[in-house]
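Observations on the three-dimensional arrangement
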Amino acid sequence: MVRAQLSDQKNISGGVFAPTEEAFKLTVKPQGVRFLNRAVQPPSQVYVEAEDDLAVSVASSVTGEAVTFNYRLLRFDGEIIEGQFVVRPANNRSVTKYSESLAEGFLLSMSCQATAATTRGQTFVRVSLTSPAFQNSLPSYMLMADYVTVQMAPAHPNGRVLAPSEGPGWVRGFAVANPAPGFAISQAVPANARWLLKAFNATMVTDATAGNRTEELIVTVGGRVAFQASAIVVQAPSKNVLYSGAPLSLVAPLDTALNYFPLAPSLTLLGGDLVGTTALGGGPADQWSAITLAVEEWLDNV
Amino acid sequence: MKQDANDKKNISGGVFAPSTDRFHVRSATASVSFDMEDIIPPSAEYVGVDDQLLIQTNALFSANTLLVQVRILRPDGIIVPLHYEVFTGATFNAFVTQLQPLMEGFLLSVVCTATSPTVGQNTMFASVSLVRQANTFRQQYRLLCAGYVQQLIPIGWPESSPQRETDGPGYPMSNGNLNVPAAGAGADFVYTVPAGCRVRVTSISGLLTTAAAVFNRLPSLIIDDGATPYAIIPSNNTQAASLAEQYTWADSTPFAALFDNKVLGPLPSQLILQQGHRVRSNTTGIQAADQWSNLRMLGHVWSEHN
């Protein structure tokens, strides 16, 4: 039976519609293979028992993050169930956990997407199945673990199971609050973060107290000083000098408003480690300001 | 039969999309049905009656317990959960091996975690394999999963890509967890990469306190493979008697002359040392009462069992 044309006289709306599929008749070589479409084996290796949960953990360093998880489950009765839930982690890199009870069946796929993270190193997601057969919610099947962003939607299957410190991280400028006058800089690496310290930049304005200042960059790892280096030249009273630290071959700057710290590359720091300064000489009103650290950051221990 | 949205009965005058039945869209009713009674076991890994689970693990720095969760679909259709715990012991980086019996069936999943929430990664390595009963632990026929684990960072089969011990970012270490041994009076310090480890050195630092004996001391740093030096790095500094000066050699930094009792010298960039390799001071003119102290090192460490 020939179907009615959309643009025939019965179509009184006057709209222009796409032509019917008859206009695109394709002639292909008949297939030699025939596929089942009845009593098909479930297209998944992930059998879900009735008491299993889909367990997710999310950690993030960005504000307002919300990770949306989508999954498809082929239920025991042959129906495909689509599920969705949202997890909103805090921005302090702590782990937020959520479990979704599943019906018996086969997990066909799951994926997730973020609303705030724009690069690796910001929001990490781990997804597994858990079973009450294993105490303390230990995972029974790892599905995926990776960073998620607003564009990149890691998934199962064809996702990866990674640790948060693997792969590229978040390259960022970290603004450090000014210390009080007369005090040195001391910035702790946030808990559950891993930093690769790439550069340091800050301004020191010395007061009128007599005597030169020797500023030093100091890195404390695990409670012990691990790296310490003096600036190339001293700073006199009542001067405004910009200090930079980077892995460079250093020479005394021609511009007296600049000073350099030598800095080793590959300085990797964990939560609680310190980046700061110390000084030989100084005045009560010496002031550090405009302090920025260039770091590559990963979430760690999440 | 659905009503045509565009037929004459539509007296609203609005323009509507054509009804779906005109395009024979079949999303409303699935054409495929699934067999839920005679299912092929959802696993490509058959476990024979003689097969065993080989678990190997080692931990840097402190004792830890590896937790292994296994699920096997038995021939009678029952899914059996199995849980194993392997204690590494307190011996630094010791390799622990366990063989565990299994049952015939299909392996559904394996997951490894650890009890200790060690900060960071790359402190506990684990691998899980299948072996035949007659085989030794070196004759596993199927590697299931391998990688670094901790309490919050599991690995599993079938989804995890197996790692080697030297894969990944390494564990950031400082003097607190991989010590440079104290040096005796009148002796140079020596750091030796422990057995089963690979170390990348970012910086090494020590304080030389010279005694009253009048003599010029000329500290240098030597890096060797346990016997033959492959880098000898001077400090470019002469230290006289009765002084305390801190020497730091760091990755790619320039030489910096003595300033505020501190001396800076370079290390080769990305300096990776294997087990038995050494980083040691070599102080020409060192006197009996001179003392190296305040020794500290920064870098990364991986397990590496050959």
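Scroll up to find the structure this text is about.
In this report, we go over the structure that sits alongside the text. Position labels on residues start from 1 in each chain and follow its written sequence. Starting at A for chains and at 1 for ligands, labels are handed out in the order in which the entities are written. This being a predicted model, a pLDDT of at least 70 is required before a residue's local features are given, and a value of 80 or more before pairs of side-chain atoms are given or counted; all residues contribute to the totals for chains, interfaces and linings. Values reported for side chains reflect all heavy atoms of the structure, with hydrogen atoms and water molecules removed beforehand.

A tally of regular secondary structure across chain A gives zero helices and 19 strands. The classification of residues rests on relative accessible area computed with a 1.4 Å probe and restricted to protein chains. Under 20% of the type maximum is buried, over 50% is exposed, and intermediate values are partly exposed. The buried share of chain A, reckoned over its 302 residues, is 50%. Contact definition: two residues touch when any of their heavy atoms are within 4.5 Å. Sequence separation of at least 24 residues holds for 74% of the intrachain contacts in chain A that already meet a minimum separation of 6. We get accessible surface area from the Shrake-Rupley algorithm with a probe of 1.4 Å; when it comes to residues, only the shown protein chains can shield them. As presented, chain A carries roughly 14200 Å² of accessible surface, and 55% of it is formed by carbon and sulfur atoms. For helices the rule is a DSSP run of H or I covering at least 4 residues; for strands it is a run of E covering at least 2, with both sets numbered from the N terminus onward.

Now for the sheet that holds strand β11 (residues 190–192) of chain B. Residue and element names in this part refer to chain B. A sheet is described by the order of its strands in space; here four strands give the open sequence β11-β19-β13-β14, paired in antiparallel fashion. The sheet is open, and its two edges are formed by β11 and β14 (229–234), each paired on a single side. Put simply, the sheet's adjacent strands are angled 20 degrees from each other on average, direction ignored. Paired strands, as defined in this entry, are two strands with at least two bridges between them according to DSSP. Fitted lines through C-alpha atoms give the axes, limited to the stretch in contact for helices. The angle between two N-to-C directions lies from 0 to 180 degrees.

Residue and element names in this part refer to chain A. Working definition: a ring pair exists when centres of Phe, Tyr or Trp rings (six-membered ring for Trp) sit within 6.5 Å. Plane angles under 30 degrees give stacked, over 60 give edge-to-face, the rest tilted. A full pass over the atoms with the stated rule returns 15 aromatic pairs over all chains. Here F124 and Y147 contribute two aromatic rings whose centre-to-centre distance is 5.1 Å and whose plane-to-plane angle is 75 degrees, an arrangement assigned as edge-to-face. Highlighted residues: F124 in strand β7 (residues 123–130) and Y147 in strand β8 (residues 139–147), separated in sequence by 23 residues. For the pair formed by F124 and Y147, the shared burial category is buried. Among the aromatic residues, ring-to-ring pairing joins F69, Y71, F85 and Y98 into one connected group. The side chain of R172 reaches across the aromatic face of W170, ending 4.1 Å from its centre. Whether a charge sits over a ring depends on NZ of Lys or CZ of Arg being within 6 Å of the ring centre and within 35 degrees of the ring normal.

This paragraph deals with the environment of A126 of chain B. All names here are of chain B. Tracing the chain through its elements places A126 in strand β7 (residues 124–132). Assessed through its relative accessible area of 0%, A126 is described here as buried. A sequence separation of 68 residues divides A126 from N58, and the C-alpha atoms of the two residues are 6.8 Å apart. If we ignore the near neighbours within four places in the chain, the residues touching A126 are Q56, T57, L66, C145, A146, G147, V149 and I155.

All names here are of chain B. Mapping N93 onto the fold places it in the loop between β4 (79–87) and β5 (96–101). Whenever a nitrogen or oxygen atom comes within 3.5 Å of another N or O atom, the pair is scored as a polar contact, on the condition that within protein one atom can donate a hydrogen and the other can accept it, and that pairs from neighbouring residues in sequence are kept only if both atoms are in side chains. One polar contact links N93 to N58, side chain to side chain, over a distance of 2.8 Å. Discounting chain neighbours no more than four positions away, the residues touching N93 are N58, A59, L60, A195, G196, C197, S303 and H305.

Our next topic: the pairing of strand β12 (residues 197–209) of chain B. All names here are of chain B. The buried count for β12 comes to ten of 13 residues, which makes it a mostly enclosed element. Bridge analysis of β12 against strand β20 (residues 291–303) gives eleven bridges, and the strand direction is antiparallel. Following the sheet pairing, L207 is matched in β20 by S293. The sheet contact formed by β12 and strand β18 (residues 271–274) spans four bridges and is antiparallel. Counted as the bridge partner of R198 is Q274 from β18. Here β12 pairs with strand β15 (residues 244–251) via seven bridges, running antiparallel. Note on β15: the bridge partner recorded for I204 is W249.

Time to look at the pairing of strand β3 (residues 67–75) of chain A. Residues and elements named next belong to chain A. Bridge count between β3 and strand β4 (residues 80–87): eight bridges; the pairing is antiparallel. Of the residues in β4, the one forming a bridge with R72 is E82. Two successive antiparallel strands, β3 and β4, enclose a turn made up of four residues, where G78 displays a positive phi of approximately 90 degrees. Pairing geometry for β3 and strand β6 (residues 105–113), over eight bridges, is antiparallel. Opposite R75, over in β6, you have G105 as the bridge partner.

Moving on to the nonpolar core. For soluble globular proteins, nonpolar side chains are generally found buried alongside one another. Among buried residues, those of type Ala, Val, Leu, Ile, Met, Phe, Trp, Tyr and Cys that are joined through side-chain atoms within 4.5 Å constitute a nonpolar core. If you look at the biggest cluster of nonpolar residues, it comprises 32 residues, and the most contacted ones within it are W195, L197, F200, F227, Y243, L267 and L293 of chain A. When contributions to this core are tallied by element, the ones reaching two or more residues are β10 (170–176), β12 (193–205), β13 (214–221), β14 (224–230), β15 (240–246), β17 (267–270) and β19 (287–299) of chain A. Ranked by residue count, the leading element in this core is β12 of chain A, at six residues. L267 of chain A has contacts with W195, L196, L197, V219 and F227 of chain A together with T202 and L298 of chain B, leaving out every residue within four places of it along the chain. With 29 residues, the next largest nonpolar core counts F189, A231, L271 and L273 of chain B among its residues.

Scope: geometric values only; no functional claims are made or implied.
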